Amino acid sequence: MRLTPKTPEVRVPRLIGLMAVDARETADARGVLLAAPDRPDFHLTVVDYVVRQYPPPGSEVPRGAVVTVWFDLGDAEGGAGVREPRLPGPPSGGMRRELDEPGDPFEVLR
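Every residue gets a number counted from 1 within its own chain, in the order that chain's sequence is written. Restriction of local features to residues with pLDDT of at least 70 applies here, the model being predicted, together with a cutoff of 80 or more for giving and counting side-chain atom pairs; totals for whole chains, interfaces and linings are based on all residues. Processing note: side-chain calculations cover all non-hydrogen atoms of the structure and skip hydrogens and water entirely.

Draft legend 1. Representation of the environment of glutamate 9 in the model. For the purposes of this entry, the term helix denotes a DSSP run of H or I that reaches at least four residues, the term strand denotes a run of E that reaches at least two, and both are numbered from the N terminus. Checked against the element boundaries, glutamate 9 lands in strand E1 (residues 9-11). Buried, partly exposed and exposed residues are distinguished by accessible area as a fraction of the type maximum, computed with a 1.4 Å probe on protein chains only: under 20%, between the cut-offs, and over 50%, respectively. The class for glutamate 9 is partly exposed, based on a relative accessible area of 39%. A sequence separation of 56 residues divides glutamate 9 from alanine 65, and the C-alpha atoms of the two residues are 9.4 Å apart. In this analysis, two residues are considered to be in contact whenever any of their non-hydrogen atoms come within 4.5 Å of each other. For glutamate 9, the contacting residues outside a window of four places in its chain are Glu60, Val61, Pro62 and Arg63.

Draft legend 2. Layout of the packing of aromatic side chains. The pairing test for Phe, Tyr and Trp rings, Trp by its six-membered ring, is centres within 6.5 Å, and the orientation test on the planes gives stacked under 30 degrees, edge-to-face over 60, and tilted for anything in between. Across all of its chains, the model carries one aromatic pair by this definition. Between phenylalanine 42 and phenylalanine 71 the ring centres are 5.8 Å apart and the planes differ by 40°, which places this aromatic pair in the tilted class. One end of the pair, phenylalanine 42, is in the loop between strand E2 (33-35) and strand E3 (52-54); the other, phenylalanine 71, is in the segment after strand E5 (66-70), with 29 residues separating them in the sequence. The exposure class assigned to phenylalanine 71 is buried, which follows from its relative accessible area of 7%. Whether a charge lies above a ring is judged from NZ of Lys or CZ of Arg, which has to be within 6 Å of the ring centre and within 35 degrees of the ring normal. The ring of phenylalanine 42 carries the charged tip of arginine 24 above its face, separated from the ring centre by 5.1 Å.

Draft legend 3. Up close: the pattern of salt bridges. Salt bridge, as used here, is a side-chain nitrogen of Lys or Arg placed within 4 Å of a carboxyl oxygen of Asp or Glu. Summed over all chains, the structure comprises three salt bridges. Between aspartate 38 and arginine 39 there is a salt bridge whose closest N-O contact spans 3.8 Å. One salt bridge in this structure joins aspartate 48 and arginine 39, with 3.0 Å as the shortest N-O distance. Assessed through its relative accessible area of 27%, aspartate 48 is described here as partly exposed. Several salt bridges converge on common partners, so that one network encompasses Asp38, Arg39 and Asp48.

Draft legend 4. Quick look at the side chain of glutamine 53. Positionally, glutamine 53 belongs in strand E3. The class of glutamine 53 is buried, set by a relative accessible area of 7%. A 3.5 Å cut-off defines polar contacts: any pair of N or O atoms within that distance qualifies, except that in protein one atom must be a possible hydrogen donor and the other a possible acceptor, and neighbouring residues in sequence count only when both atoms are side-chain atoms. Polar side-chain contacts of glutamine 53 include one of 3.1 Å to the backbone oxygen of proline 13. Discounting residues that sit within four places of it in the chain, glutamine 53 has contacts with Val12, Pro13, Arg14, Leu15, Ile16, Val67, Thr68, Val69 and Trp70.

Draft legend 5. How the structure looks around helix H1 (residues 20-30). Looking at H1, one finds that the buried residues are Ala20, Ala23 and Ala27. All buried residues of H1 fall inside an arc of 55° around its axis, so they share one side. In H1, the exposed positions angled more than 90 degrees off the buried face are occupied by Glu25 and Asp28. One or two steps after H1, the chain reaches glycine 31, where phi turns positive at roughly 90°. This arc is built from the directions going out from the helix axis to the C-beta atoms.

Draft legend 6. Looking closely at the sheet that holds E3. Strand pairing is defined by DSSP finding a minimum of two bridges between the two strands. Overall, mixed pairing links the three strands, which are arranged E2-E5-E3 in an open sheet. At either margin of the open sheet sits one strand with a lone partner, and together these are E2 and E3. Here the average twist between neighbouring strands, direction ignored, is 30°. Pairing analysis gives three bridges linking E3 to E5, with the strands arranged antiparallel. Following the sheet pairing, arginine 52 is matched in E5 by tryptophan 70. For helices, the fitted axis covers only the stretch in contact; all axes are lines through C-alpha atoms, and the angles between them, taken along N-to-C directions, range from 0 to 180 degrees.

The following block contains the structure:
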């Protein structure tokens, strides 16, 4: 749905989940501009997916307002996490009981 240039306010489209090239086209069709602080080469970005946007979809903003989009969740906001094994690994020798409390009548001798 293309809005006429006479409307001073436009609704922010949902850009989350779109590829960068599609997000730019959608924003242009709706009358808003895009900014991506985590991508200085945003105008060249094509296949990265938008993971967050501000203002949120459906907000009314003045025509030509800037919508900020992010392509990377960053370290503090989740993500896939680390997949490689952490070192040091578990100790050898099978299962070990937790360290005994002082004065434990069933003390494990090592």
